[in-house]
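# Analysis of the macromolecular model
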Amino acid sequence: MKLQQLRYLCEVVRQNLNVSEAAEKLHTSQPGISKQIRLLEEELGLQIFVRNGKRVVDMTEPGKVIHGIAQRILQEADNLKRVGE
């Protein structure tokens, strides 16, 4: 699990489940975000998003919990960066 994967997850949620918009905001590719989220799902052993074909259409219940945890982890990572300020 990587912080980048958690950033991608949170940005997809922030962009109303629009992976293309999330990719644009993060200055990366849509396939790259999709791949990293799939890798995260594989590592965790569950689905974060509900998909209809290739489209993300909703979040699973475990996905909502994971999103909340991811937000806290990213906030704490930012806090670590501020310790020396």
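This text goes with the structure placed above it.
Let me sum up the structure you'll find in this document. (Residues numbered from 1 in each chain as written. Predicted model: local features only at pLDDT ≥ 70, side-chain atom pairs only at ≥ 80, totals over all residues. Heavy atoms only, no water.)

## A closer look at the side chain of Gln 15
Basically, it comes down to this: Each helix corresponds to a stretch of at least 4 residues labelled H or I by DSSP, and each strand to a stretch of at least 2 residues labelled E; elements are numbered beginning at the N terminus. Relative accessibility under 20% of the residue-type maximum defines a buried residue, over 50% an exposed one, and the middle range a partly exposed one, all with a 1.4 Å probe and only protein chains included. For this analysis, residues touch if any pair of their heavy atoms sits within 4.5 Å.
With respect to the helices, strands and loops of the structure, Gln 15 is situated in the loop between helix 1 (3–14) and helix 2 (19–25). Assessed through its relative accessible area of 17%, Gln 15 is described here as buried. Beyond its immediate chain neighbours, meaning those up to four positions away, Gln 15 contacts Glu 21, Ala 22 and Lys 25.

## Here we look at the pairing of strand 1 (residues 49–52)
The cut-off we apply is this: A strand pair is defined by DSSP finding two or more bridges across the two strands.
As judged from the 4 bridges shared by strand 1 and strand 2 (residues 55–59), these two strands associate in the antiparallel manner. Across the sheet, residue Asn 52 finds its bridge partner in strand 2, namely Arg 55. Connecting strand 1 to the antiparallel partner strand 2 that follows it, the hairpin turn spans 2 residues, and Gly 53 within it adopts a positive phi of roughly 70 degrees.

## Concerning the side chain of Gln 5
The test is simple: We define a polar contact as two N or O atoms separated by no more than 3.5 Å, with the added condition that, inside protein, one atom must be a possible hydrogen donor and the other a possible acceptor, whereas residues neighbouring each other in sequence contribute only through side-chain atom pairs.
Looking at the secondary structure, you find Gln 5 in helix 1. At a separation of 2.9 Å, a polar atom in the side chain of Gln 5 contacts the main-chain amide nitrogen of Lys 2. Residue contacts for Gln 5: discarding those within four places in its chain leaves Gln 36, Leu 39, Leu 40 and Glu 43.

## Side note on the layout of surface pockets
Operational definition: In this analysis the probe radius is 1.4 Å and the grid spacing 1 Å, with only protein atoms considered; a cavity is a set of points the probe fits into but cannot get out of, a pocket is an open set with protein on both sides within 12 Å along at least five of seven lines, and lining residues have an atom within 4 Å of a point. Grid points are joined across faces, edges and corners, and a volume is the space filled by probe spheres set on the points. Polarity classes work like this: nonpolar for Ala, Val, Leu, Ile, Met, Phe, Trp, Tyr, Cys and Pro, charged for Asp, Glu, Lys and Arg, and polar for all others, with Gly in that last group.
Taken as a whole, the largest pocket holds about 370 Å³ of empty space. If you trace the largest pocket, you find 15 residues lining it, with Val 19, Gln 30, Lys 54, Arg 55 and Val 56 closest to the centre. Listed by contribution, the elements that provide at least two residues to the lining of the largest pocket are helix 2, helix 3 (30–44), strand 1 and strand 2. With 4 residues, the single largest contributor to the lining of the largest pocket is helix 3. A breakdown of the residues in the lining of the largest pocket according to their chemical character gives 5 nonpolar, 6 polar and 4 charged.

## Thoughts on the environment of Ile 37
Here Ile 37 shows up in helix 3. Assessed through its relative accessible area of 3%, Ile 37 is described here as buried. A sequence separation of 12 residues divides Ile 37 from Phe 49, and the C-alpha atoms of the two residues are 9.1 Å apart. Apart from residues no more than four positions distant in its own chain, Ile 37 is found in contact with Tyr 8, Leu 9, Val 12, Phe 49 and Arg 51.

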